[in-house]
Amino acid sequence: MTAAVDDRAREIVDEFALFPDWMSRYQYLIEMGDDIPPIDDEDKTDAHRIHGCQSKVWIRADYHEDRDVLTFRGDSNAKITRGLAALIIRVLNEQPPAVVENADFDFLDEIGMREHLSSQRSNGLAAMIEQMKDRASHYA
């Protein structure tokens, strides 16, 4: 992990701590999804789809060799799932492939996200992380 990834995860933990209950945290998550870097409609293909999510989720990873970083864009047909994608993208965006591949997501437990998701959403979140790491491994 890099300092940037750790700092981003810490910011998220601090932000979620500001909300008194899970209804307001879910609302914040949905708002985060509204700010996700958008994926073009022509990229909403099987190649960019996250398999294992009940909702439709697409995340595109682009490698920028000149800077040795990956950028991510995404979308989902479900608001909470889009918010989950935004969380992961926020932490991993503009990071080297090796950092993405080796990132941990302990902050999700720290904010209580995994325990407050349905098993289907939790499985989808795990699939998102796994497939983003897998895409990064092609460039690492």
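In this report, we go over the structure that sits alongside the text. (Residues numbered from 1 in each chain as written. Predicted model: local features only at pLDDT ≥ 70, side-chain atom pairs only at ≥ 80, totals over all residues. Heavy atoms only, no water.)

**Some thoughts on the overall build of the protein chain**
Alright, step 1. A count of helical and extended segments in the protein chain gives six helices and two strands.
Alright, step 2. Each helix and strand of the protein chain, placed in order from N terminus to C terminus, yields the pattern α-α-β-β-α-α-α-α.
Alright, step 3. Taken against the 2.2 N^0.38 rule, which gives 14 Å for 140 residues, the C-alpha radius of gyration of the protein chain at 14 Å falls within 12% of a compact globule.
Alright, step 4. Reported as C-alpha extents along the three principal axes, the dimensions of the protein chain are approximately 45 × 30 × 25 Å.
Alright, step 5. Summarising the internal contacts of the protein chain: among those between residues at least 6 apart in sequence, 64% fall at separations of at least 24.
Alright, step 6. As presented, the protein chain carries roughly 7100 Å² of accessible surface, and 45% of it is formed by carbon and sulfur atoms. (Helix = DSSP H or I, 4+ residues; strand = E, 2+ residues; numbered from the N terminus. Rg over C-alpha atoms; globule rule 2.2 N^0.38 Å. Contact = heavy atoms within 4.5 Å. Areas by Shrake-Rupley, 256 points an atom, 1.4 Å probe, with all protein chains shown as cover.)

**Things to note about unusual backbone geometry**
Alright, step 1. Located in the positive-phi region is Asp68, a residue other than glycine, with phi close to 55°.
Alright, step 2. Here Asp68 lies in the loop between strand 1 (57-64) and strand 2 (69-76).
Alright, step 3. A relative accessible area of 34% places Asp68 in the partly exposed class.
Alright, step 4. With a phi close to 65°, Glu94 is a non-glycine residue in the positive phi region.
Alright, step 5. Within the fold, Glu94 resides in the loop between helix 3 (79-92) and helix 4 (97-102).
Alright, step 6. Judged by relative accessible area, Glu94 falls into the partly exposed class, the value being 33%. (Buried < 20%, exposed > 50% of the residue type's maximum accessible area, 1.4 Å probe, protein only.)

Limitation: the analysis is restricted to geometry and does not speak to function.
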